[in-house]
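# Descriptive structure summary
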Amino acid sequence: MSDGAETRGAATRRRRTVIAVGKQANGRRWEDGGGEKPSPYPAKAKTEDDVAKHGGIKNGKVVGETGVSGQQQTGQKKKERNAVEDINDRLSCHAMQESLLSSASGYSNYRGILNWCVVMLVLSNARLFLENIIKYGILVDPIQVVSLFLKDPYSWPAPCLIIVSNVFILAGLYIERRLAVGTISETTGLILHIFNLTSILVFPSASVLTVDSMTPVGGVLSLGIYSVLFLKLYSYKDTNRWCREIRQARAKKLTRSYSCPSVAQTNGSTVHTHVSYPGNLTHRDMYYFIFAPTLCYQLNFPRSPRIRKRFLIRRLFEMLFLMQLLVGLIQQWMVPTIQNSMKPFQEMDFSRMVERLLKLAVPNHLIWLIFFYWFFHSSLNFLAELLQFGDREFYRDWWNSETVTYFWANWNIPVHKWCLRHFYKPVLRKGVNKFLAQTAVFLISAFFHEYLVSVPLRMFRLWAFMGMMAQVPLAWFVGRFLNGNYGNAAVWISLIIGQPVAVLMYVHDYYVIHYGSST
């Protein structure tokens, strides 16, 4: 036993001596620069040596016994975790959550439901259209459209009336020129402007009422153009008057300046020179404003850098296609429905009247939507692109209207801007409260609606006027008692039902006046 212990002790001492001598030798070699510095992580180096020895390193990845054992451990952990999750799913499958259709859930992706609504709308209207074709046959007649504008092919009263409008345009320009140089006083200029603006409304209406060859459609087109011209020249008058007031105010301060600086603005490849008052009183400036898709005049309009030909062609194609579609829908769908609605109205059959009203609501509303896109998007964008007019905000998101006032303020932006700039805000500055000012705006709108309907039809029933004035209490009711989706639904109902009521009332009265005695 003592011999074995002595043998083990000697062997142990020899190993310690060898290790100590080896360390000293390694240290001397490193200090003398004859070798590399020993690794500060001998355990790690030994591990890498063992890995290289048993498995090796290939393409930067450790493979061999250690790699295989690590993958096995990872796979085992995943199995254990999946087993735990499976057990938890078995024991508990419920959590605190709201139904998707509840408002508290926060869910808002209803694209599938929207697609379903579109499919149902297409299918239902396709059925109605097929039923119409089977019942009435093909009623679309392009020649009949021409007869709506012209009774006599040798008499064109509507185009002649539109050409005469240049007299009032030039009158407004020359009045402003005389005011700019001081030839006439402000009072005289105001009287002349009032006479010119009044003539713009009286002269075409008198022509429509007295000329027998004027058709209702031609009358509506002529009076519509004259109404737009009235609003444009009113804005032209106000803006130039404001420029004179600014010039006079600066002249009193002995500063030689105009209403706006005369500088050159670079928009891409086109340079548009800014004008200042009275340099804007030219025929070119006046007729650019007359044809521009806006009702509010300013000395320098925002201009686009160039004309985009592809954009222009797309808008032109939309205009032509949608115009044909509108004519076809009116002839094929709307006219027969209106004709079949006359008898219930004459007999005052209430249930049949409601049925015909609802039947007319679908084609009427569809035609109104197509007309909105055709006019406010295709036509006005085509005109703006052709004239490089930069302000293309012709409408906003009126379809999201939750109040009646929001709808009327956002579906026709050119008219809304004119009302704000030239009527609503000036009335407020005079101390009138907002409700009376809004009522006055609706009153003006009601006048022009009735003007564009009653005069061409040559009968005065005030249905359009009362319909517009009814928007005032409706706006108060919706704003007071209906909010959110309920308000939006109320706006849509008023659009879908209100317009057919007015259409049926005017058509019924026109039918009774012109064809009642013959039947």
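Residues numbered from 1 in each chain as written. Predicted model: local features only at pLDDT ≥ 70, side-chain atom pairs only at ≥ 80, totals over all residues. Heavy atoms only, no water.

Bringing the packing of aromatic side chains into the picture now. Under the counting rule described, the total for this entry stands at 34 aromatic pairs. When the ring of Trp398 is compared with that of Trp399, the centres are 5.5 Å apart and the planes differ by 70°; the resulting orientation is edge-to-face. Sitting above the plane of the Phe289 ring, Lys232 keeps its charged end 4.6 Å from the centroid. Over the ring of Phe311 we find Arg315, and its NZ or CZ is 4.7 Å from the ring centre. (Phe/Tyr/Trp six-rings, centres within 6.5 Å; stacked < 30°, edge-to-face > 60°. Lys NZ or Arg CZ within 6 Å of the ring centre and 35° of its normal.)

Before going further, it helps to examine the confidence of the model for the protein chain. Averaged over all residues, the pLDDT of the protein chain equals 80, while 80% of them reach at least 70. Low confidence marks residues 1-65, where pLDDT is under 50. Its contacts with residues over four positions away, or in another chain, come to 20 contacts. Below a pLDDT of 50 lies the segment residues 255-270, which in the model reaches 39 contacts outside its immediate sequence neighbourhood of four places, other chains included. (pLDDT = per-residue confidence, 0-100. Contact = heavy atoms within 4.5 Å.)

Attention shifts here to the side chain of Ser227. When you line up the elements, Ser227 lands in helix 8 (residues 216-252). Under the relative-accessibility criterion, Ser227 is labelled buried at 7%. A polar contact of 2.8 Å, which involves the side chain of Ser227, links it to the backbone oxygen of Leu223. When near neighbours in sequence (up to four residues on either side) are disregarded, Ser227 contacts Phe448, Tyr451 and Leu452. (Helix = DSSP H or I, 4+ residues; strand = E, 2+ residues; numbered from the N terminus. Buried < 20%, exposed > 50% of the residue type's maximum accessible area, 1.4 Å probe, protein only. Polar contact = N/O pair within 3.5 Å; in protein donor to acceptor, adjacent residues only side chain to side chain.)

On to the packing of helix 4 (residues 111-136) against helix 10 (residues 309-340), then. The contact between helix 4 and helix 10 brings their axes to 11 Å, and the two run at 70°. Judged by the inter-axis angle, helix 4 sits roughly perpendicular to helix 10. In the crossing of helix 4 with helix 10, the sense of the turn from one axis to the other is left-handed. In contact with Asn125, Leu128, Phe129, Asn132, Ile133, Lys135 and Tyr136 of helix 4, helix 10 contributes Gln332, Trp333, Pro336 and Asn340. When the residues that make up the contact of helix 4 with helix 10 are grouped by side-chain class, the tally is six nonpolar, four polar and one charged. (Axes fitted to C-alpha atoms, helices over the stretch in contact; angles between N-to-C directions. Parallel < 35°, antiparallel > 145°, perpendicular 65-115°, else oblique. Left-handed = near helix turned anticlockwise from the far one by under 90°. Nonpolar A, V, L, I, M, F, W, Y, C, P; charged D, E, K, R; others polar.)

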